[in-house]
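Letter by letter, the chains look like this.
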Amino acid sequence: PIALVSGLHYSAITDLSWSPDGLWLAISSHDGYCSMVSFSPGELGVQVEDQAKYQYKPPIVPELETAEKADATAEGTEVSGKKDTNEAV
C-alpha cells in the first residue's frame, strides 16, 4: 500500500471522499465520527494529466427485450410501427 491509516474510528468506515486537489481525504464511519487526512503535494505521486483517458466507462449492454415486445413479436402484431409476422425471408 502507498499509505496506511488506521485507528481513526471505533466503527466501520461508511464513506471516503477526496478533495479536488487530491491533498485531503474525508472519512466517515458508523460511530458518527468524521476525519480529515491531509497529504503533502507529491506524497501519493503525481496527478494524471489526461484524466479522460482513465475515466471509468460502463460496459455496453444490449437492450433487453421486454415481455411486451416478445409477446407482440410472437403474435405477429406491430412493434414500433413495423409489422412482424415471424416469417423467414
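Residues numbered from 1 in each chain as written. Predicted model: local features only at pLDDT ≥ 70, side-chain atom pairs only at ≥ 80, totals over all residues. Heavy atoms only, no water.

Engineer: So what about the overall build of the protein chain? Which residues, and what values?
Structural biologist: Looking only at helices and strands, the protein chain has one helix and five strands in total. Sequence-ordered secondary structure for the protein chain, helices as α and strands as β, is β-β-β-α-β-β. Scored against the burial criterion, the 89 residues of the protein chain give a buried share of 11%. Sequence separation of 24 or more characterises 14% of the internal contacts of the protein chain that already satisfy a separation of 6 or more. Counting every atom, the protein chain has about 8000 Å² of accessible surface; 55% of that belongs to carbon and sulfur. (Helix = DSSP H or I, 4+ residues; strand = E, 2+ residues; numbered from the N terminus. Buried < 20%, exposed > 50% of the residue type's maximum accessible area, 1.4 Å probe, protein only. Contact = heavy atoms within 4.5 Å. Areas by Shrake-Rupley, 256 points an atom, 1.4 Å probe, with all protein chains shown as cover.)

Engineer: Hey, could you go over the pairing of strand β3 (residues 34–38) for me, with residue numbers and the actual values?
Structural biologist: Burial along β3 is one-sided: the residues Ser35 and Val37 are buried and none of Cys34, Met36 and Ser38 is. The pairing of strand β2 (residues 24–29) with β3 spans five bridges and is antiparallel. Directly across from Ala26, in β3, lies its bridge partner Met36. Hairpin connection between β2 and β3: a loop of four residues separates the two successive antiparallel strands, and Gly32 in this loop has a positive phi of roughly 90 degrees. (Pairing = 2+ DSSP bridges.)

Engineer: Before we move on, can you summarise the pairing of strand β1 (residues 13–18) with the specific residues and values?
Structural biologist: Relative to β2, β1 is paired through five bridges, and the arrangement is antiparallel. Note on β2: the bridge partner recorded for Ile13 is Ser29. Hairpin connection, β1 to β2: the antiparallel pair is bridged by five residues, and Gly22 has positive phi, about 75 degrees.

Engineer: Kindly report on the sheet that holds β1, identifying the contributing residues and their values.
Structural biologist: Spatially, β1-β2-β3 is the arrangement adopted by the three strands of the open sheet, whose pairing is antiparallel. Bordering the open sheet on either side are β1 and β3, each of which pairs with just one other strand. Neighbouring strand axes in the sheet, compared pairwise and without regard to direction, differ in orientation by 20 degrees on average. (Axes fitted to C-alpha atoms, helices over the stretch in contact; angles between N-to-C directions.)

From the geometry alone we can't say anything about function, so treat these as descriptive.
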